Amino acid sequence: MAGALPQGSDAVPQPGAGLFSPVDGPPTPESGLTGETITLRVFKGQPGGEMGYATHEVPEVTGMVVLDAVHWVQRNQDSDLACRWNCKAGKCGSCSAEVNGRPVLMCKTRIDTLPRGPVTVQPMKSFPLIKDLVTDVSRNYETNKLIPPFTAAPDDGTPWRIQQMDIDRLYEYRRCIECFLCQDVCHVNRTHDLSARFFGPRFFVRVASLEMHPKDILDRRDLLHDQGGLGYCNITKCCTEVCPEDIHITDNAIIPLKERVADAHWDPVQWVARKLRGSSAKTGERAADK
Ligand code: SF4
Ligand code: SF4
Ligand code: FES
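Within each chain, residue numbers correspond to sequence positions counted from 1 in written order. Chains and ligands are labelled by the order in which they are written, letters from A for the one and numbers from 1 for the other. Since the coordinates come from a predicted model, pLDDT governs what is reported: local features require at least 70, and pairs of side-chain atoms require 80 or more to be given and counted, while whole-chain, interface and lining totals use all residues.

(A) Region of interest: the site of ligand 1. Residues are counted as near a molecule or strand when the C-beta atom, derived from backbone positions, lies within 6 Å of that molecule or strand. Within the structure, ligand 1 sits among 13 residues, and Cys186, Cys233, Thr236, Cys238 and Cys239 are positioned closest to it. Comment: elements are numbered from the N terminus, with helices defined as DSSP H or I runs of at least four residues and strands as E runs of at least two. Counting residues per element, the ones that place at least two in the shell around ligand 1 are α8 (238-242) and α9 (249-266). Broken down by class, the residue content of the shell around ligand 1 amounts to nine nonpolar, three polar and one charged. Each residue gets one of three labels, nonpolar for Ala, Val, Leu, Ile, Met, Phe, Trp, Tyr, Cys and Pro, charged for Asp, Glu, Lys and Arg, and polar for the others, Gly among them.

This is how it looks when you write it as structure tokens:
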């Protein structure tokens, strides 16, 4: 977590060595250095201690991303700077942070796409701070445990036959890398601190992947309405805007779920039908699929 330095005395990089190092001479095509520097303001601190921003002048490299600049700082100026990352390829969802106030993956945010001037990097605001850029996102895993997993009918034979359009819909939800940027940006968590009563966009995506699976037989609409707090979402679409996997969270997950919950709770015909049928099974076309 803290630092990206390789272990072992032989492997510890020395200041001045490596690609992202200060150079005395002019930039060359081989080094990739542009000759410019970036002013990086990085949040430092942990609960109970001093907190603030440390400023670093980082040599710019062509194609550099914010995570590169943070690694340069760790290697050359502050090996104690804590930052969570893993793949550096936009796939592990670990390097979530806020750059110039916007929730992003640091490894997918190119410096040359940001306005010239100081670049401010800070931890996700909606989660408890552990240290520097690292936050505690464990409450998401607790929320996840509240959602009943995929459940097929016990007597459902094989092979399953599923329409391609249903598979395409599920693929979108399954692209989620659990970066929790959507959870971070959502005002229900961020401003109103209602995470104890609100699953949040990432988990609405997960519920959608289950509710819209043609072979799942559970009905999670009461869960969404009650414990999930789906009604707190007022469809601002901020979650969709920050999703690095381009999942249309609001249009393709939240709104269809809201429609289903409204059917179950406010349509009197459906309400009576559910009471007669029992509320644990899916209804309509989905039940006919079983
Ligand atoms: S659309 Fe709903 S879940 Fe997404 S950020 Fe807005 S309020 Fe939150
Ligand atoms: S839905 Fe998008 S923003 Fe939310 S956790 Fe998944 S990948 Fe990240
Ligand atoms: S390091 Fe894996 S998503 Fe950024």
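Alright, that's what it looks like, and here's the rest.
(B) A look at the sheet that holds strand β5 (residues 119-122). One open sheet holds the five strands; their spatial order is β2-β1-β5-β3-β4, and the pairing between them is mixed. This sheet does not close on itself; its edge strands, each paired only once, are β2 (51-61) and β4 (102-105). Averaged over all pairs of adjacent strands, the angle between their axes in this sheet comes to 35°, without regard to strand direction. Both strand β3 (residues 96-99) and β4 contribute to a ladder of four bridges, which runs antiparallel. Looking across to β4, one finds that Glu98 is bridged to Pro103. Two strands are counted as paired when DSSP detects at least two bridges linking them. Only the stretch in contact is used when fitting a helix axis, every axis being a line fitted to C-alpha atoms; angles between N-to-C directions are given from 0 to 180 degrees.

(C) Geometry of the packing of helix α3 (residues 164-174) against helix α6 (residues 201-211). At a minimum axis separation of 9 Å, α3 and α6 run at an interaxial angle of 155°. Our classification of the angle between α3 and α6 gives roughly antiparallel. The hand of the α3/α6 crossing is left-handed. Contacts between α3 and α6 pair Leu170, Tyr173 and Arg174 from the former with Val205, Ala208 and Ser209 from the latter. In the contact of α3 with α6, the residues fall into four nonpolar, one polar and one charged. In these notes the angle categories are as follows: under 35 degrees is roughly parallel, over 145 is roughly antiparallel, 65 to 115 is roughly perpendicular, and the rest is oblique. It is the rotation of the near helix from the far one that decides the hand of a crossing: anticlockwise by less than a right angle makes it left-handed, clockwise makes it right-handed. By the convention adopted here, residues are in contact when the distance between their C-beta atoms, placed from the backbone, does not exceed 7 Å.

Treat this as a map of the structure, not an account of what it does.
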